[in-house]
Amino acid sequence: MESPPANSPNGPAGERAGTDFDLSTGIIDFKVRERRSELLKYGCEVAAAGRRYREAHDKVFGFSMRRVLSALQPGMIPDYSGFESELDAIREESRRIERDIDHSGLEDLPRRAKTAMAFRDALLQYARAVAEAAQNLQHLFRCLRQEKLANPEFADYSEERFRHDRAVYDAAVQEYMRWGARLTELSEKL
């Protein structure tokens, strides 16, 4: 069997080439294009929330002048409340995006649109992962702030409890990174 010409919409075995959204040759399906645009819009929104979270994470755990100063002045109370409010905003934004995706009508994508369905599902998982990581980091900040302020409830926020909370946070960061990599992979195919 002879291969189709290079500009043919069919692949080598006669199957459809191109995106899994395309319906037929020469016909533009605007509803499909609109759905793809909507998926990409949500992708951009959730990526922005993820970037804001990553910046907050890096400010605290990255090598910075703040860490050097806190090591030199151990009595100084870091501004955890500023980080807490930023993380709260990130968590709320991620949850809003998740709700918007859930109620966008994108759950009824055609079955043949496997990449688009996988992208939509990964968007939901990534939004959840960003919200979870932000919430866990916010919990760490809240406990550290309360401990520094000598709050009686947090006076025993020991190394063991901190290590446990940090392990939970590290797992959330891994999930965030895993879904971010998956979204990147899928966006190249969309």
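For clarity, every value in this text was computed on a predicted model and none was experimentally measured.

(A) Up close: the overall build of the protein chain. Along the protein chain, the regular secondary structure elements total five helices and zero strands. Along the chain direction, N to C, the helices and strands of the protein chain fall in the order α-α-α-α-α. For the protein chain, the residues scored as buried account for 34% of the 190 residues in total. Intrachain contacts of the protein chain at a sequence separation of at least 6 include 73% that bridge at least 24 residues. Counting only carbon and sulfur atoms, one obtains 53% of the accessible surface of the protein chain, whose full area is about 11,500 Å².

(B) Structural context of the confidence of the model for the protein chain. Per-residue confidence for the protein chain averages 76 on the pLDDT scale, and 65% of its residues sit at or above 70. Confidence, read as mean pLDDT per element, is least for helix α2 (residues 65-72) in the protein chain (52) and greatest for helix α5 (residues 159-189) (89). Below a pLDDT of 50 lies the segment residues 20-24, which in the model reaches 20 contacts outside its immediate sequence neighbourhood of four places, other chains included.

(C) The pattern of salt bridges, seen in detail. All chains considered together, the criterion is met by 14 salt bridges. Across the salt bridge formed by Arg120 and Asp121, the nearest N and O atoms sit 2.8 Å from each other. Take Arg120: its relative accessible area is 10%, and that puts it in the buried class. On the accessibility criterion, Asp121 (36% relative accessible area) is partly exposed. The closest approach of N and O atoms between Arg166 and Asp170, which form a salt bridge, is 3.0 Å. Of the two residues, Arg166 and Asp170 are both situated in helix α5; the distance of four residues between them amounts to about one turn of the helix. Residue class for Asp170 comes out partly exposed when judged on its relative accessible area of 33%. Connected through shared salt-bridge partners, Lys41, Glu45, Glu93, Arg96 and Asp100 make up one network.

(D) Spatial organisation of the side chain of Ser94. As for its position among the elements, Ser94 is in helix α3 (residues 80-102). If sequence neighbours within four positions are ignored, Ser94 has contacts with Ala49, Ala127, Val130 and Ala131.

Rules and cut-offs
- Residues numbered from 1 in each chain as written.
- Predicted model: local features only at pLDDT ≥ 70, side-chain atom pairs only at ≥ 80, totals over all residues.
- Heavy atoms only, no water.
- Helix = DSSP H or I, 4+ residues; strand = E, 2+ residues; numbered from the N terminus.
- Buried < 20%, exposed > 50% of the residue type's maximum accessible area, 1.4 Å probe, protein only.
- Contact = heavy atoms within 4.5 Å.
- Areas by Shrake-Rupley, 256 points an atom, 1.4 Å probe, with all protein chains shown as cover.
- pLDDT = per-residue confidence, 0-100.
- Salt bridge = Lys/Arg side-chain N within 4 Å of Asp/Glu carboxyl O.

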